[in-house]
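# Secondary and tertiary structure notes
If you want the building blocks of each chain, they are given just below.
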Amino acid sequence: MLSFAAASLAFSPAVAPQSQVSRCTAATMAISNPSKAMPFLTAAPCQSSKLAGAEAGFDPLYLSEFIDIKWAREAELKHGRICMLASTGYLFQEFFSLPSYPGYDANPVTAFSSVPAEGLVQIVAAVSLLEILSNDGKFTMMDMFSDPAREPGNLGFDPLKFGDNPDTRERLQMAELKNGRLAMLAFSGMIHQTFVTGKPIFASLNDIFSS
């Protein structure tokens, strides 16, 4: 009887062991080196550049992968400085002008056309000369920072010696960078406001808030 039962079991199909399927409660994606500004993206090279303000890693287009970060910072600082001066001048010239200047116009956009062509050429020439002297004729990404000790935006102009204090140097660098970025946005906004309203800033504000 036992032999008969054993023989029948020998011809029965083998039962495969059931494997336990583990279920995850939520889909997870791990990024080995996430961006601090946008954690769902991989960090751009600028995040590890050790430049002031670049540690946030905000570079969604990954421009720092093919543009030298020092060269880009040099351009950013210069544009920021120009726009800080331009924003101040944009507001100042609405109320003040050179004494007895015949072509004065309170509207900054239309005032540009009142400057003689020779004057505009002189401005461009002066700016070009300043760039040549400050960069020693080096303008491209390949040669501008051939000297490793050269800092982006450092032209050696510090008459009040603010940069000599290591305790405040980094804070002042960040202040300049943020104010420059704000000035670039502000100057763009002021120009567009003048284009839309056809009036200087303060004159157009009266119309905007009175309506």
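Up top is the structure.
Residues numbered from 1 in each chain as written. Predicted model: local features only at pLDDT ≥ 70, side-chain atom pairs only at ≥ 80, totals over all residues. Heavy atoms only, no water.

A separate point is the packing of aromatic side chains. With the rule as written, the count across this model stands at three aromatic pairs. Taken together, a centroid distance of 5.7 Å and an interplanar angle of 90 degrees make the contact between Y90 and F187 edge-to-face. Here the residue Y90 occupies a position in helix 2 (residues 69-92), and F187 occupies one in helix 5 (residues 166-197), the gap between them amounting to 97 residues. When the ring of F92 is compared with that of F96, the centres are 4.6 Å apart and the planes differ by 25 degrees; the resulting orientation is stacked. The lysine or arginine in question, R150, covers the ring of F145, its NZ or CZ lying 4.8 Å from the ring centre. (Phe/Tyr/Trp six-rings, centres within 6.5 Å; stacked < 30°, edge-to-face > 60°. Helix = DSSP H or I, 4+ residues; strand = E, 2+ residues; numbered from the N terminus. Lys NZ or Arg CZ within 6 Å of the ring centre and 35° of its normal.)

Despite not being glycine, K50 has its phi angle at roughly 65 degrees, a positive value. Locating K50 in the fold gives a position in the loop between helix 1 (2-10) and helix 2. Judged by its relative accessible area of 83%, K50 is exposed. Although it is not a glycine, Y62 adopts a positive phi angle of roughly 55 degrees. Examined against the element boundaries, Y62 turns out to sit in the loop between helix 1 and helix 2. (Buried < 20%, exposed > 50% of the residue type's maximum accessible area, 1.4 Å probe, protein only.)

Here the focus is the pattern of salt bridges. Within this structure, the stated rule accounts for seven salt bridges. E74 is the partner of R150 in a salt bridge, and the nearest nitrogen-oxygen pair spans 3.1 Å. A residue pair is termed long-range when its members are at least 10 positions apart, and R150 in the loop between helix 4 (117-135) and helix 5 and E74 in helix 2 qualify at 76 residues. One exposure class covers both R150 and E74, and it is buried. Of the charged contacts in the structure, one is a salt bridge between R169 and E151, with a shortest N-O distance of 2.9 Å. Taken together, the residues R169 in helix 5 and E151 in the loop between helix 4 and helix 5 connect sequence positions 18 residues apart. Through salt bridges with shared partners, one network takes in E74, K78, E131 and R150. (Salt bridge = Lys/Arg side-chain N within 4 Å of Asp/Glu carboxyl O.)

Functional significance is not addressed by these values, which are geometric in nature.
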